[in-house]
Amino acid sequence: MLRPSHALVAVLAIALPSAASAASPQSFKGEYTVSFLGLSIARSTFSSHYENGAYAIEGSVTAAGLAKLFDDTRGTISSKGTISGKKMVPQAFRADYTSGKKVSAIDIRFANGAVTSTQVIPPPGKRDPNDWVPVGAGDLASVLDPMAATVIHADSLDKVCGRTVKFYDGEMRADLTLTYNSKGTISVPGYKGDTITCRMGFEPVAGYRKGRKALNYLRNKSRMMVTFAPLGQTGVYAPIHATVGTQIGPLTISARRFEAVE
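Since the structure is predicted, the reported quantities are computational estimates derived from the model, not experimental observations. (Residues numbered from 1 in each chain as written. Predicted model: local features only at pLDDT ≥ 70, side-chain atom pairs only at ≥ 80, totals over all residues. Heavy atoms only, no water.)

(A) Quick look at the state of the cysteines. Tallied over the entire structure, the rule returns 1 disulfide. A sulfur-sulfur distance of 1.9 Å marks the disulfide that ties Cys161 to Cys198. Here the disulfide of Cys161 and Cys198 is left-handed, its torsion about the S-S bond being about -85 degrees. Highlighted residues: Cys161 in the loop between strand E9 (152–153) and strand E10 (163–168) and Cys198 in strand E12 (residues 191–206), separated in sequence by 37 residues. Of the two residues, Cys161 and Cys198, both sit in the buried class. (Disulfide = S-S within 2.5 Å. Helix = DSSP H or I, 4+ residues; strand = E, 2+ residues; numbered from the N terminus. Buried < 20%, exposed > 50% of the residue type's maximum accessible area, 1.4 Å probe, protein only.)

Right, here's the structure in full:
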């Protein structure tokens, strides 16, 4: 299994669309349900705002359903930065979460698109150099945080897929590849219209242990699909539905509300 920090950040990252590039200030709202093997295990909400070339996002996730009986995890996440052309340029990312009595946090700072500092609380344990792939300075240039990595700037829905996203979660550096799968439509409160679904590939680059079964499964066997929809008329596309195959069953993230607020 993935570390709880990675699992929570992954859920938050997919489930919280970011701000958009627009000429006037705009805000966005969304609510998501996370299900595992068909059972609700978490719920998330978010709010984001864009103004004068800067974006700011705040969100939360809490355990729900049967999962709450075994793991009362809850967390908050925030991300801020600027938008240059069609690129998100993060400045700061933070996730704080609790699981029972355990309190954890991830804090990442950026400058000019590169990571300048990372703080993980509690700090990771000692790594065995024989099976650990360390993160080098070159791995942290031109990367996105878990929030910015989920948002696609494109000229049209047809151009959302067909790209590779460089992703850093505070420990692991990975590449996420999006390839076209299908087009469709969806109707949820706040949005009714066209969507595009990309198949997502996962390739760990650094910051991971060799031979880890969960990572090998995600890289070689998992079927990961992400469906994107537009945030208003902004030219930004965010996930509205996603499925991730795991070793013991599918994880599904579905929007209960997805809307741009003028």
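There's more to say after this.
(B) Seen up close, the environment of Gly207. Counting through the fold element by element, Gly207 comes out in the loop between E12 and strand E13 (208–209). Taking the C-alpha atoms as reference points, Gly207 and Glu171, 36 residues apart in sequence, are found 5.5 Å from one another. When neighbours within four sequence positions are excluded, Gly207 is seen to be in contact with Trp132, Val133, Pro134, Val135, Glu171 and Met172. (Contact = heavy atoms within 4.5 Å.)

(C) The arrangement of the side chain of Asp107 in detail. Residue placement: Asp107 occurs in strand E6 (residues 102–111). Side-chain polar atoms of Asp107 contact the side chain of Arg94, separated by 3.1 Å. When sequence neighbours within four positions are dropped, the list of residues in contact with Asp107 reads Phe93, Arg94, Ser117, Thr118 and Gln119. (Polar contact = N/O pair within 3.5 Å; in protein donor to acceptor, adjacent residues only side chain to side chain.)

(D) Local environment of the pattern of salt bridges. Within this structure, the stated rule accounts for 9 salt bridges. Taking the shortest distance from any N to any O, the salt bridge between Arg219 and Glu203 comes out at 3.5 Å. Here Glu203 lies in strand E12 and Arg219 lies in helix H3 (residues 213–220), a separation of 16 residues in the sequence. We classify Arg219 as partly exposed; its relative accessible area is 29%. For the salt bridge of Glu259 with Arg257, the shortest nitrogen-to-oxygen distance reads 3.6 Å. Residues joined by salt bridges that share partners form a network here, namely Arg94, Asp96, Asp107 and Arg109. (Salt bridge = Lys/Arg side-chain N within 4 Å of Asp/Glu carboxyl O.)

(E) Geometry of H3. Of the residues making up H3, those classed as buried are Ala214, Leu215 and Leu218. Projection of H3 onto a plane perpendicular to its axis shows the buried side chains occupying an angular sector of 95 degrees, all on one side. The exposed set on the far side of H3, more than 90 degrees from its buried face, consists of Lys213 and Asn220. Against the buried residues of H3 lie E12, E13, strand E14 (224–230) and strand E15 (236–246). (Arc of directions from axis to C-beta.)

(F) A look at the packing of aromatic side chains. Per the counting criterion, the structure on display carries 1 aromatic pair. Both rings, one in Tyr191 and one in Phe258, keep their centres 6.0 Å apart while their planes meet at 70 degrees; by these two values the pair is edge-to-face. Remark: Phe258 occurs in strand E16 (residues 249–261) and Tyr191 occurs in strand E12; sequence separation between them is 67 residues. In this structure Tyr191 comes out as buried when scored by relative accessible area, which is 14%. What makes Phe258 buried here is its relative accessible area of 2%. Sitting over the ring of Trp132, Arg127 keeps its end group 4.1 Å from the ring centre. (Phe/Tyr/Trp six-rings, centres within 6.5 Å; stacked < 30°, edge-to-face > 60°. Lys NZ or Arg CZ within 6 Å of the ring centre and 35° of its normal.)

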